[in-house]
There are 2 protein chains.
Amino acid sequence: MLKVWPLGQIRNRVPSMDGQREKRKGESLVPLQSIPIKVSLPHLKASCSTCSLYELCLPLGLKPDDVDFLDQIVNSRRKYRRGEHLYRAGDPFHALFVIKSGFFKIFDLDAEGREKTTGFYMAGELLGIEAISTNRFNYNAVALEDCAVCEIPFCDLEKLSITIPALSHQFHRLMSREIIAEQQHILMLGTMKAIQRLAAFLLNLSQRFGARGYSPTHFYLRMSREEIGNYLGLSIETISRLLSKFQEEGIISVHSRDIEIKNLAGLKDLVANPA
Amino acid sequence: MLKVWPLGQIRNRVPSMDGQREKRKGESLVPLQSIPIKVSLPHLKASCSTCSLYELCLPLGLKPDDVDFLDQIVNSRRKYRRGEHLYRAGDPFHALFVIKSGFFKIFDLDAEGREKTTGFYMAGELLGIEAISTNRFNYNAVALEDCAVCEIPFCDLEKLSITIPALSHQFHRLMSREIIAEQQHILMLGTMKAIQRLAAFLLNLSQRFGARGYSPTHFYLRMSREEIGNYLGLSIETISRLLSKFQEEGIISVHSRDIEIKNLAGLKDLVANPA
DNA sequence: CGATCGGTTGAAGACCTTCAAAAGCAGTGG
DNA sequence: CCACTGCTTTTGAAGGTCTTCAACCGATCG
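All values reported here derive from a predicted model rather than from experimental measurement.

Q: I keep staring at the protein's contact with DNA strand D and nothing clicks. Help me out?
A: Of all residues adjacent to DNA strand D, which total 15 residues, the nearest are Ala194 and Thr238 of chain A together with Ser240, Arg241 and Ser244 of chain B. Atoms of DNA strand D within 4 Å of the protein: sugar and phosphate make up 56%, bases the balance. Contact between DNA strand D and Ser244 of chain B: a phosphate oxygen at 2.6 Å from a side-chain N or O atom of the residue. Within the side chain of Arg257 of chain B, a nitrogen or oxygen atom sits 3.3 Å from a phosphate oxygen of DNA strand D. At four residues, helix α6 (residues 236-248) of chain B tops the list of elements feeding residues into the surface near DNA strand D. For the surface near DNA strand D, the class distribution of residues is two nonpolar, six polar and seven charged.

Q: What exactly am I supposed to notice about the relation of the copies chain A and chain B here?
A: When chain A is fitted to chain B, the best match, at an RMSD of 0.0 Å, comes from turning it 180 degrees and sliding it 0.0 Å along the axis. Taken together, the turn and the small shift mark the pair as related by a two-fold rotation axis. Nearest to the rotation axis, the C-alpha of Ile162 of chain A is located 2.4 Å from it, this being the minimum over chain A.

Q: What is the right way to read unusual backbone geometry from this model?
A: It is generally the case that most residues other than glycine have a negative phi and that most peptide bonds are trans. Positioned with a positive phi, Asn135 of chain A is a non-glycine residue whose angle comes to about 65 degrees. Turning to its location among the elements, Asn135 of chain A is positioned in the loop between β6 (126-127) and β7 (140-143).

Q: Can you walk me through the protein's contact with DNA strand C in this structure?
A: Neighbouring residues of DNA strand C: 18 residues in total, closest Ser240, Arg241 and Ser244 of chain A together with Ala194 and Thr238 of chain B. At the protein interface, 62% of the atoms of DNA strand C within 4 Å belong to sugar or phosphate. Contact distances for DNA strand C include 3.4 Å between a phosphate oxygen and a backbone N or O atom of Gly233 of chain B. The contact in question runs from a phosphate oxygen of DNA strand C to an N or O atom on the backbone of Ser235 of chain B, over 3.1 Å. Of all the secondary-structure elements, those providing two or more residues to the surface near DNA strand C are α6 (236-248) of chain A together with α6 of chain B. In terms of residues, the surface near DNA strand C owes the most to one element, α6 of chain A, which gives four residues. Looking at the surface near DNA strand C residue by residue, the classes come out as three nonpolar, seven polar and eight charged.

Q: I keep staring at the sheet that holds strand β8 (residues 147-153) of chain B and nothing clicks. Help me out?
A: Strands pair in a sheet through their backbones, by hydrogen bonds, and they do so in one of two ways: parallel or antiparallel. All names here are of chain B. Spatial ordering of the open sheet is given by β1-β8-β3-β6, a layout of four strands whose pairing is antiparallel. The strands lining the two open edges of the sheet, one partner per strand, are β1 (75-80) and β6 (126-127). Here strand β3 (residues 95-101) runs beside β8; their pairing, made up of six bridges, is antiparallel. Each bridged residue has a counterpart across the sheet, and for Ile99 the counterpart in β8 is Val149.

Q: Help me understand the interface of chain A and chain B in this model?
A: Each side of the interface is counted separately: chain A has 37 residues, and chain B has 38 residues. Of the roughly 3,700 Å² buried between chain A and chain B, counting both surfaces, carbon and sulfur atoms make up 65%. Three residues, His172, Gln183 and Ile186 of chain A, lead the burial of chain A against chain B; their summed loss comes to 17% of the area buried on that side. Listed by contribution, the elements that provide at least two residues to the side of chain A that touches chain B are β5 (115-122), α2 (154-163) and α3 (165-191) of chain A. When residues in the side of chain A that touches chain B are grouped by element, the largest group, 21 residues, is from α3 of chain A.

Q: What's the story with the packing of aromatic side chains in this structure? I'm lost.
A: Think of a pair of aromatic rings as described by two things: how far the centres are apart, and how the planes are tilted against each other in angle. Evaluated as defined, the whole model comprises 26 aromatic pairs over all chains. Ring centres 6.3 Å apart and planes at 80 degrees place the aromatic pair Phe209 of chain A and Tyr214 of chain A in the edge-to-face group. Assessed through its relative accessible area of 3%, Phe209 of chain A is described here as buried. When its relative accessible area of 7% is taken as the criterion, Tyr214 of chain A is described as buried. Arranged with centres 5.6 Å apart and planes meeting at 50 degrees, the rings of Phe201 of chain B and Tyr231 of chain B form a pair that is tilted. On the criterion of sequence distance, the pair formed by Phe201 of chain B in helix α4 (residues 194-211) and Tyr231 of chain B in helix α5 (residues 225-232) is long-range, its members being 30 residues apart. Judged on exposure class, the residue Phe201 of chain B and its partner Tyr231 of chain B are both buried. Through a chain of ring-to-ring contacts, the aromatic side chains of Tyr87, Phe93, Phe97, Phe137, Phe154 and Phe171 of chain A assemble into a single cluster. Across from the ring centre of Phe107 of chain B, 4.9 Å away, lies the NZ or CZ of Lys105 of chain B, which sits over that ring.

Q: Before we go on, may I ask you to explain the environment of Glu226 of chain B in this structure?
A: Note on placement: Glu226 of chain B falls in helix α5. When the C-alpha atoms of Glu226 of chain B and Ile236 of chain B are compared, they prove to be 4.9 Å apart, with 10 residues separating the residues in sequence.

Calculation rules
Residues numbered from 1 in each chain as written. Chains lettered and ligands numbered in written order. Predicted model: local features only at pLDDT ≥ 70, side-chain atom pairs only at ≥ 80, totals over all residues. Heavy atoms only, no water. Near = heavy atom within 4 Å. Polar contact = N/O pair within 3.5 Å; in protein donor to acceptor, adjacent residues only side chain to side chain. Helix = DSSP H or I, 4+ residues; strand = E, 2+ residues; numbered from the N terminus. Nonpolar A, V, L, I, M, F, W, Y, C, P; charged D, E, K, R; others polar. Least-squares fit on C-alpha atoms with pLDDT ≥ 70 in both. Pairing = 2+ DSSP bridges. Contact = heavy atoms within 4.5 Å. Buried area = accessible area lost by both parts, 1.4 Å probe. Phe/Tyr/Trp six-rings, centres within 6.5 Å; stacked < 30°, edge-to-face > 60°. Buried < 20%, exposed > 50% of the residue type's maximum accessible area, 1.4 Å probe, protein only. Lys NZ or Arg CZ within 6 Å of the ring centre and 35° of its normal.

If you want it as structure tokens, here you go:
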């Protein structure tokens, strides 16, 4: 039921973010700054070949020379501050985006202007593919913390794919991965009770943080309770109550948006047996 | 909130199926035989160039010569009888499938063996793309009526895409279209009440039948109440009750799996204002 | 300081599910 | 032709899950 990351572990593990999240009295609970991932040095030059997200991203399977060609079409200098839009529904589509660091949410706005969060995306994940068929973005993407993003002009990507079959193949794999993730979201919304959904959601985050070299048991939620509820098809109160319940049962420890999973097996068991 | 078909209408409209669905006393309510669509003659030879699904499918945007190349890799002779599996979860992935005629459901089996329907697919729709990233099918596909299917070996498609950029582009559009459809399913499951979901489901079928030249207001449900409920995240009883309610209100007329939409605007209004 | 925002907690109630029973329809065999 | 069986669908009643409404807390900010 969880988002699958069938790719291997990241080659160059980065330090766990745990140290950054020690709770200090009076600490401002503003979301983390974009967490530097290995190559995010101040004088950063676009370079897929040295990017630690290599195995989660488009260059996987490419020969070094081909990665250089990819580098030439990627504009990786874009930064977005918390709250900034990466794109809005209706914007013309020119480029795909890969998150280099940070956290985005994707949401729809209904006729009454209510937000409906359909996804959360983190480093190495591809944004905007749903716009290919319509030539416009269909949803909104907003940074939940300061983010660095690689922009990949889509027509360049298609052209380059012609000369680099491995790039084409990896792009197809990434789109396919997105479809699997969405089908699992559908299964979650269609079959699971509130307890299972929230447990599955935490496990999904855990796995994705783990796959990026961060602690899978101790992380900071970039999204509000409202956004979680929205994403899981539940009310904000239900999310709050369940987090409290999980804490009472000793499965997690919650301090505002700081989450520590104390009993990973117990959390997995909740998905299977909501009791 | 509905599945979008941003492509144009089918060029060669085919006769409405209404005539076939006149309710006669004692009529067997076995699902319709695969409905012949223009070129489905007995001595059918694989030919994308003469297929009426042209604009819904991979050949869209290709030059005639390129369509011929596509024809050469497509095996379009495959037939599936009602209840037959097109593929099963875990099967190795070699080819994508496009439905030529008929109706498939996609479902997952949970640990206890319960089915969970995640999608219904009809003519012109692409099946199996979620398997690209894992090299195995992740779900099961079963024919809900007798079906004809085009099989497209995936490595051939990737190879051909290199020489035909328009084919590559159209393939990307189809994958993107699938992602949009799934995001709309997510929105439906995450935000809508039972009434809205069923109304949206009927409207979605209506639109898809309409886009294929069939009557958008009078069609035959290929799936059971259980499969509908499963797909919409609702119980079979709720589906039954709501269909009865819609009929009482004069919005639709239901006879077993035969559905006539009497008030399309009313149905749309139910999605917006579940009342 | 008061206002606001995000989060927590309690109580009431809506919505949908589950349980249960019966009806409708199809297929089989006497 | 009818009785019997099995399956799907319908309908009613009871019950559970989750939402909504409301109050409150703590932190932040002008």
